[in-house]
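# Structure at a glance
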Amino acid sequence: MSEAESSAISLTEQRLGKLDAMKARGIDPYPVRFSGKEDIHTLRVTHFGADNSLTPAEDVQPVTTAGRVVAIRDMGKAQFLQIQDQNGKIQLYAGNKTLSEEDYFVLRNLDLGDIIGIKGKPFRTKTGEPTIHADELKILSKNLAPLPVVKEKDGETYDGISDIELRYRQRYIDLAVNADARATFALRSAILREIRDLLHARGFMEVETPMMQAIASGAAARPFTTHHNALDIDLYMRIAPELYLKRLIVGGYEKVFEMNRNFRNEGISTKHNPEFTMIEIYQAYADYHTMMELTQDIFETLAVKLLGSTEIPYGEHTISLKKPWKKVEYLESIKEATGLDFAKFLGEENPSAAEAKKMAASVGLKADGLHTFWEVVDLAFSEKVEPNLIQPTIVMHYPKAISPLAKSIPGNPHLVERFEPYITGREMGNAFSELNDPLEQERRFNEQAAQKESGAEETMATDDDFVTALKVGMPPTGGLGIGIDRLVMLFANKASIKDVILFPLLRPNK
RNA sequence: GAGAAGCUAGCUCAGUCGGUAGAGCAACUCCCUUUUAAGGAGUGGGUCCCGGGUUCGAUUCCCGGGCUUCUCACCA
């Protein structure tokens, strides 16, 4: 291509020109297959040593590998290239002395972002760089939409991409270009696997329950609505699998879990995505103490197996996941932080929201939009206590009024056997001894409905069939839910949930 | 939903007190067969997010819109 020709056309058009040039020579720029690809990381270890201490022999057997071209250094009739696959990067050396005429033509028409397959002997250059002397070089996929060029030296990255439009909307570019993004989602996958392994090893069974439900219950949140045409009914995307999983305990399974998406029709933030992944775990003949142990075991196991230590970095903090974690009482923690003692209202049938607001105002809290006493108390907790729970903390014994699915503490009818683990100032989960008294459950649902009547924004919907299930009989059961996205944020040391969800919800752009 | 900030070349960013814009990398031409943020010489590349308004003239000022980020609200 002449300079004049290149002047007025886009990068894509230039590459289309190279594509046509290849086709004109009978080279298929998108061949059907490439056989025998070796993993780049593996062949590096094999031929250069895990600590980069080996040097391949002169008569070493050639290797075959493939990957995306991420760097080209043109030396005239020879070039240094770098290719990258899922697990690694390696330098190639290729020139007209050893390549066939056709392969050399491909080399001369390579662009950053092309995917190539090569065969050649590993060797070290003068400067010691592990390299493959590519004696065969095939184009496997021609790049037409140029990738950002990222250069590195001494671990420092130059240029790179920071544009959110690319990072989140076109995640494939983020993954192709940013090693950190690839590492984050590989870690996410490893976390899911480790959690499943741990539960399977303890005899739990993974199940799948409906994501489209006629009644969205099991949590207090606004659901998405959808419609089934053949039945001509509206359905809700589930906000929690809880009530279905407990039906399975009724049915006789004793250890079940489900790890999958929930959907809540609420705002988007660095900590919220409308669809998010939860794991819910139920164990019959167990209680919330069992779930406390399990929670700590899960976090500790992940830390040790995936990061090699119970001490893990998060932002400016070092989080110690070693059990046992600190335990605090819900109301006691509020009293300590604010001096406000809400416990004395526990016995009251219907404590006044106005009274709670007055108390909250005395410590500078505005509770204007809230309608019930315990909503105001919860505000005090989330404002004054939650942000300070940096190290793992188990907050236990919540008021019954805000825990419609949890069992009361024997001898203390106003508090329930419930806890929430907090780490880095964020709620990581929710667990309790499951309420299995059907008549009591019915009363709790009715109380929720009454709260809704009196103006509470979000309450739990009544599910009559679930009450029927409890009437059949559910053994004493411990249940635990953990927000997987936030858990991954913790282990991946990410501040935004969008950094740990491959395709976070964004407004479509036209 | 509210407030603040951002949007300029493929990428990362300057800049224009209103006169249609620059750098580095990438691209293109040329030199170079052990380089590695390779190097050297040269060339091109922009609806300055979109639409109105003011103006002789708007990428710049004003109004409206779009998308994103941050904070707040709702929530996990």
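Within every chain, residues take consecutive numbers counted from 1 along the sequence as written. A letter from A marks each chain and a number from 1 marks each ligand, given out in the order of writing. The predicted origin of the model limits local features to residues at a pLDDT of at least 70 and limits the giving and counting of side-chain atom pairs to 80 or more, whereas totals for whole chains, interfaces and linings rest on all residues. Excluded from the side-chain calculations are hydrogens and water; all other atoms, namely the structure's heavy atoms, are used.

## Describing the overall build of chain A
Helix numbering and strand numbering both begin at the N terminus, where a helix is a DSSP run of H or I of at least 4 residues and a strand a DSSP run of E of at least 2. Secondary structure summary: chain A contains 15 helices and 22 strands in total. Projected onto its principal axes, the C-alpha coordinates of chain A cover approximately 90 × 50 × 50 Å. When a residue's accessible area, from a 1.4 Å probe over protein chains only, is under 20% of the maximum for its type it is buried; when over 50% it is exposed; and in between it is partly exposed. Taking all 510 residues of chain A together, the buried fraction comes to 47%. Approximately 25100 Å² of chain A is accessible, and the part contributed by carbon and sulfur atoms is 50%. For every accessible area listed, the method is Shrake-Rupley and the probe measures 1.4 Å; residues are considered covered only by the protein chains on display.

## Quick notes on the packing of helix 9 (residues 288-307) against helix 15 (residues 484-492)
Interhelical geometry of helix 9 versus helix 15 gives an angle of 40 degrees and a closest axis separation of 11 Å. Taken together, helix 9 and helix 15 sit at an angle that is classed as oblique. Relative to helix 15, the crossing made by helix 9 is right-handed. Contacts between helix 9 and helix 15 involve Phe299, Leu302, Ala303 and Leu307 on the former and, on the latter, Leu487, Leu490 and Phe491. Of the residues assigned to the contact of helix 9 with helix 15, the class counts are 7 nonpolar, no polar and no charged. Axes, fitted as lines to C-alpha atoms, cover a helix only where it is in contact. Angles between the N-to-C directions of the axes lie from 0 to 180 degrees. Any angle that is under 35 degrees is reported as roughly parallel, and any over 145 degrees as roughly antiparallel; angles of 65 to 115 degrees are reported as roughly perpendicular and all others as oblique. Left-handed describes a crossing whose near helix is turned anticlockwise from the far helix by less than a right angle; the clockwise case is right-handed. We call two residues in contact whenever any of their non-hydrogen atoms come within 4.5 Å of each other. Any residue outside Ala, Val, Leu, Ile, Met, Phe, Trp, Tyr, Cys, Pro, Asp, Glu, Lys and Arg is labelled polar, Gly included; the first ten of those are nonpolar and the last four are charged.

## Concerning the pairing of strand 14 (residues 311-314)
In strand 14, alternate side chains face the same way, and those of Ile312 and Tyr314 are buried while those of Glu311 and Pro313 on the opposite face are not. As judged from the 4 bridges shared by strand 14 and strand 15 (residues 317-320), these two strands associate in the antiparallel manner. Residue pairing across strands places glutamate 311 opposite serine 320, the latter belonging to strand 15. Adjacent in sequence and paired antiparallel, strand 14 and strand 15 are bridged by 2 residues, among which glycine 315 carries a positive phi angle near 55 degrees. The criterion for strand pairing is that DSSP finds at least two bridges linking the strands in question.

## Points about the sheet that holds strand 5 (residues 130-141)
Overall, mixed pairing links the 5 strands, which are arranged 1-2-3-5-4 in a closed barrel. When the angles between neighbouring strand axes are averaged without regard to direction, this sheet yields 55 degrees. As paired elements, strand 4 (residues 115-124) and strand 5 share 10 bridges and run antiparallel to each other. Paired with isoleucine 118 across the bridge in strand 5 is leucine 137.

## Description of the side chain of aspartate 174
Mapped onto the elements, aspartate 174 comes out in helix 6 (residues 171-177). Among the residues examined, aspartate 174 registers a relative accessible area of 0% and is labelled buried. We define a polar contact as two N or O atoms separated by no more than 3.5 Å, with the added condition that, inside protein, one atom must be a possible hydrogen donor and the other a possible acceptor, whereas residues neighbouring each other in sequence contribute only through side-chain atom pairs. Looking at aspartate 174, its side chain comes within polar contact range of the side chain of arginine 167, at 3.0 Å. For aspartate 174, the side chain forms a polar contact with the side chain of asparagine 178, separated by 2.7 Å.

## With respect to the domain arrangement of chain A
Here chain A is partitioned into domain 1 (3-147), domain 2 (181-324 + 391-499) and domain 3 (326-388). Measuring from the centre of the C-alpha atoms in domain 1 to the corresponding centre in domain 3 gives 64 Å. Where each domain starts and ends comes from a domain assignment, either automatic or drawn from a database.

## Some points on the packing of aromatic side chains
We call Phe, Tyr and Trp rings a pair once their centres come within 6.5 Å, taking the six-membered ring for Trp, and we label the pair stacked below 30 degrees between planes, edge-to-face above 60, and tilted otherwise. Enumeration over the complete set of coordinates arrives at 10 aromatic pairs. Between phenylalanine 381 and tyrosine 422, the aromatic rings sit 5.5 Å apart at their centres with planes inclined by 65 degrees, giving edge-to-face as the arrangement. Of this pair, phenylalanine 381 sits in helix 12 (residues 373-384) while tyrosine 422 is found in strand 19 (residues 412-423), placing the two residues 41 residues apart along the sequence. The same class applies to phenylalanine 381 and to tyrosine 422, which are both buried. Grouping aromatic residues by their ring pairs yields a cluster made of Tyr330, Phe381, Tyr398 and Tyr422. For a ring to carry a charge above it, either NZ of a lysine or CZ of an arginine must fall within 6 Å of the ring centroid while also lying within 35 degrees of the normal to the ring plane. Its guanidinium or amino end placed over the ring of phenylalanine 105, arginine 25 lies 4.6 Å from that ring's centre, counting from NZ or CZ. A cation over an aromatic ring shows up here: arginine 418 above the ring of tyrosine 398, its NZ or CZ 4.4 Å from the ring centre.

## Side note on helix 12
The length a helix should cover is 1.5 Å for every residue beyond the first. Across its 12 residues, helix 12 extends 17 Å between first and last C-alpha, which sits within 8% of the 16 Å expected from 1.5 Å per residue. Among all positions of helix 12, only Phe373, Trp374, Val376, Val377, Leu379, Ala380 and Phe381 are buried.

## Some details on the protein's contact with RNA strand B
Throughout, near means a residue has at least one heavy atom within 4 Å of the molecule or strand. Around RNA strand B there are 59 residues in total, and Gln14, Tyr93, Asn96, His272 and Arg507 lie nearest to it. Here a base nitrogen of RNA strand B sits 2.6 Å away from a polar atom, N or O, in the main chain of aspartate 74. Here glycine 76 contributes a backbone N or O atom positioned 3.3 Å from a base nitrogen of RNA strand B. Listing elements by their share of the surface near RNA strand B, those giving two or more residues are helix 1 (3-7), helix 2 (11-24), strand 1 (63-74), strand 2 (78-84), strand 3 (89-95), strand 6 (150-153), strand 7 (156-159) and helix 5 (164-169).

## Looking at the side chain of glutamate 258
Along the chain, glutamate 258 turns up in strand 12 (residues 255-263). Relative accessible area serves as the criterion here: at 2%, glutamate 258 is assigned to the buried category.

## Observations concerning the environment of threonine 184
Turning to its location among the elements, threonine 184 is positioned in helix 7 (residues 179-201). For threonine 184, a relative accessible area of 5% corresponds to the buried category. In sequence terms threonine 184 and serine 10 are 174 residues apart; their C-alpha atoms lie 34 Å from each other. Discounting chain neighbours no more than four positions away, the residues touching threonine 184 are Ala492, Lys494, Asp499 and Val500.

## Re the pattern of salt bridges
A pair is scored as a salt bridge if a Lys or Arg side-chain nitrogen falls within 4 Å of a carboxyl oxygen belonging to Asp or Glu. Within the structure shown, the criterion is met by 29 salt bridges. In this structure, arginine 196 engages glutamate 206 in a salt bridge whose closest nitrogen and oxygen atoms are separated by 2.8 Å. One end of the pair, arginine 196, is in helix 7; the other, glutamate 206, is in strand 8 (residues 205-206), and 10 residues separate them in sequence. For glutamate 206, a relative accessible area of 31% corresponds to the partly exposed category. Between aspartate 463 and arginine 247 there is a salt bridge, with the nearest N and O atoms lying 3.2 Å from each other. Placement of the pair is aspartate 463 in the loop between helix 13 (438-453) and helix 14 (464-472) and arginine 247 in helix 8 (residues 242-251), with a sequence separation of 216 residues.

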